[in-house]
Amino acid sequence: MDTEGDAMDIDLDLTLTDEMLAIRESCHRFAEEVMRPLAAKLDRMDPEAVIAKDSPLWEGLEKYKALGLVGMPECYGDDLSPAQRTLMHSIVCEELAWGDVGLFITYALYNMAPGIAKAYGRPDLVEFFRQRNEICCLALTEPNHGSDMVAFPDASFRDPKGRSDLRARRDGDDFILNGQKAAWVSTGTIAGSGIVFATYENSKQGRADGAVFLMPFDLPGVSRGKPLDKLGQRTLNQGEIFFDNVRVPRQFFLMDGPDVYPHVLGATLRDANIAMGQQFIGVARAAYEHALAYAKERVQGGVPIIQHQAVKLRLFNMFSKLTAARSHVRRIAMANAAKEGGVPFPYAATAKIVSTQTCLDIAHEAITLFGGYGLCREYPVEKLFRDARASLIEDGENTMLALMSVSHF
Ligand SMILES: Cc1cc2nc3c(=O)[nH]c(=O)nc-3n(C[C@H](O)[C@H](O)[C@H](O)COP(=O)(O)OP(=O)(O)OC[C@H]3O[C@@H](n4cnc5c(N)ncnc54)[C@H](O)[C@@H]3O)c2cc1C
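Reading the values: rules and limits
- Residues numbered from 1 in each chain as written.
- Predicted model: local features only at pLDDT ≥ 70, side-chain atom pairs only at ≥ 80, totals over all residues.
- Heavy atoms only, no water.
- UniProt positions renumbered as here; feature names shortened; annotations may be inferred.
- Domains from an automatic or database assignment.
- Contact = heavy atoms within 4.5 Å.
- Buried area = accessible area lost by both parts, 1.4 Å probe.
- Polar contact = N/O pair within 3.5 Å; in protein donor to acceptor, adjacent residues only side chain to side chain.
- Helix = DSSP H or I, 4+ residues; strand = E, 2+ residues; numbered from the N terminus.
- Nonpolar A, V, L, I, M, F, W, Y, C, P; charged D, E, K, R; others polar.
- Phe/Tyr/Trp six-rings, centres within 6.5 Å; stacked < 30°, edge-to-face > 60°.
- Buried < 20%, exposed > 50% of the residue type's maximum accessible area, 1.4 Å probe, protein only.
- Lys NZ or Arg CZ within 6 Å of the ring centre and 35° of its normal.
- Near = heavy atom within 4 Å.
- Lys, Arg positive; Asp, Glu negative; His and termini not counted.
- Salt bridge = Lys/Arg side-chain N within 4 Å of Asp/Glu carboxyl O.
- Expected span 1.5 Å × (residues − 1).
- Axes fitted to C-alpha atoms, helices over the stretch in contact; angles between N-to-C directions.
- Parallel < 35°, antiparallel > 145°, perpendicular 65-115°, else oblique.
- Left-handed = near helix turned anticlockwise from the far one by under 90°.

You'll find the protein chain entered in an unreviewed UniProt entry as Acyl-CoA dehydrogenase domain protein, with Denitratisoma oestradiolicum given as the organism. You can read under Sequence similarities (unreviewed entry) in the UniProt record for the protein chain the words "Belongs to the acyl-CoA dehydrogenase family." Per UniProt, the protein chain has the following entry under Cofactor (unreviewed entry): "FAD".

This is the structure in structure tokens:
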């Protein structure tokens, strides 16, 4: 009998080139040797200390830069086809989020602004932000508008009485911004720049008449709130951004108007949802692998618990859910990259919802398989469970994403 295919490290991605395998390997090593120990430390620290000047977060960032992945997915080399590049990106996201998802998001936002500028066809801004070498952020959510921002297809979005917490007005060639973004903006405390969504003060179409800026945050009038102290993904720092009569030169304006703004918002959420899907496969895999290793070690009833039939079935269910979710997410990511204008929003929502829900289910099951130790901080699965729990709300609460998807049907 040919048993070659029986090994569990079988690679389903049979098309990976030597170069792609090498990138995967170096990501895995970085995740294991740098991200996991660093995340275990940062997870227990006060959020203020996580971003302090002497925090090990910054040493980790320097090591991430040395990995050569800044500006992903452009950085994977010129030899890859578009499909290979997208597959490579899914693999990189999985490996690094397997290390720690909060750190991955933080580090992936480093020098993200030039990529955004390129996507918007703005070579001048590519150059401007490339020289700044800083962490970027996506400033969308507002204190009074969380799910409301996800509800871009909803009639309420165009309600003339609707008012945004961050408002823009034109002043000659410039724009004046007043108001704030919510404490939920990832890296809002440390980002040097951000893609910022604001609604016009005199809008007759509620929150639909807005403008998008890719702007530096060292303009006069920008200030930050205190870092958020939250349940999971504690390595990902978050906080408010305040705008007090901030004069934004036209150079940093990307687009505006009620016909375009909701679509740009939708496209941003679509890509963010696919990225979330790619990342949380890595967290799910980490939880599954910890559970499997523990089940082989932990002896109850005189045998390792993996020998009990119920445990075998539970491990298989975890493996099966993980494999199915990974395939789904990669399929959607591939289609989104290949299709002009991207996939319709509901497909992207499935990538995020399937991945994050699978991740939570697997992390939950991993805790059960660890028994009481699953609840202890000395063991890794309680952190993964907390990280997974946050993902169901991140970049659109899953129920809300589902509801907004149906409005496209
Ligand atoms: C870890 C993390 C990272 C994040 N990163 C970012 C970021 O980088 N940038 C950014 O801009 N935002 C970010 N967010 C914010 C995130 O997108 C919002 O938290 C999310 O959209 C939900 O908004 P909310 O928290 O205000 O909840 P609410 O909108 O107040 O929702 C509360 C509850 O009411 C339900 N609900 C609300 N409206 C409806 C409706 N119309 N129909 C049915 N149910 C409804 C929701 O489903 C939810 O269960 C992040 C959030 C988390 C948790």
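Draft legend 1. Seen up close, the domain arrangement of the protein chain. The domain boundaries assigned to the protein chain delineate domain 1 (4-109), domain 2 (138-258) and domain 3 (263-406). The C-alpha-based centres of domain 2 and domain 3 are spaced at 30 Å. Each partner contributes residues to the interface: domain 2 has 18 residues there, and domain 3 has 17 residues. Buried area between domain 2 and domain 3, both sides added, is near 1,600 Å², and the carbon and sulfur share of it is 78%. Our enumeration of links across domain 2 and domain 3 arrives at 3 residue pairs in polar contact (both at pLDDT 80 or more). At 3 residues, helix H8 (residues 147-150) tops the list of elements feeding residues into the side of domain 2 that touches domain 3. Here the side of domain 2 that touches domain 3 is built from residues that sort into 13 nonpolar, 3 polar and 2 charged.

Draft legend 2. Just the packing of aromatic side chains, in detail. By the definition in use, this model includes 17 aromatic pairs. Ring geometry for Tyr288 and Phe319: centres 6.0 Å apart, planes at 40°, overall tilted. Of this pair, Tyr288 sits in helix H9 (residues 261-297) while Phe319 sits in helix H10 (residues 309-338), and the two are 31 residues apart along the sequence. For Tyr288, a relative accessible area of 11% translates into the label buried. Taken together through their ring pairs, the aromatic side chains of Tyr294, Phe370, Tyr373 and Tyr379 make up a single cluster. Above the ring of Trp98, the side-chain terminus of Arg36 is found at 3.5 Å from the ring centroid.

Draft legend 3. Focus on the site of the ligand. Among the 18 residues in the neighbourhood of the ligand, the closest are listed as Leu138, Thr141, Ser147, Gln238 and Glu397. In the environment of the ligand, a nitrogen atom lies 2.7 Å from a nitrogen or oxygen atom belonging to the backbone of Leu138. A distance of 2.8 Å separates a nitrogen atom of the ligand from a polar side-chain atom of Ser186. When grouped by side-chain class, the residues that make up the shell around the ligand number 8 nonpolar, 7 polar and 3 charged.

Draft legend 4. Region of the structure containing the side chain of Arg85. Note on placement: Arg85 falls in helix H4 (residues 82-99). Of the side chains with opposite charge, Asp78 comes closest to the buried, unpaired Arg85, at an N-O distance of 4.8 Å. Once you skip the residues sitting within four places of it in the chain, Arg85 turns out to touch Pro73, Glu74, Tyr76, Gly77, Asp78 and Leu80.

Draft legend 5. The arrangement of the UniProt feature "domain: Acyl-CoA dehydrogenase/oxidase N-terminal" (unreviewed entry) in the protein chain in detail. UniProt tags residues 17-112 as "domain: Acyl-CoA dehydrogenase/oxidase N-terminal" (unreviewed entry). For residues 17-112, the end-to-end C-alpha separation is 26 Å, with 71% helix and 0% strand making up the annotated structure.

Draft legend 6. Main features of unusual backbone geometry. A cis geometry characterises the amide bond from Met72 onward to Pro73, with omega recorded as 10°. Structurally, Pro73 is set in the loop between helix H3 (56-67) and H4. With a phi angle near 45°, Asn133 is a residue other than glycine that sits in the positive phi range. Inspection of the secondary structure puts Asn133 in the loop between helix H7 (123-130) and strand S1 (138-139). When its relative accessible area of 43% is taken as the criterion, Asn133 is described as partly exposed. The backbone of Asp395 shows a phi angle near 55°, a positive value even though the residue is not glycine. With respect to the element layout, Asp395 can be found in the loop between helix H12 (381-391) and helix H13 (398-406).

Draft legend 7. How the structure looks around H4. End to end, H4 covers 26 Å across 18 residues, agreeing with the expected 26 Å (1.5 Å per residue, within 8%). When you tally the buried positions in H4, you get 16 out of 18 residues, the bulk of the element.

Draft legend 8. Fine view of the packing of helix H11 (residues 345-370) against H13. Contact pair H11 / H13: the axes reach a minimum separation of 9 Å and the direction vectors enclose 155°. Taken together, H11 and H13 sit at an angle that is classed as roughly antiparallel. Judged by the twist between their axes, the crossing of H11 over H13 is left-handed. Residues Phe345, Pro346, Ala349, Lys352, Ile353 and Thr356 of H11 pack against Asn398, Leu401, Ala402, Met404 and Ser405 of H13. Of the residues assigned to the contact of H11 with H13, the class counts are 7 nonpolar, 3 polar and 1 charged.

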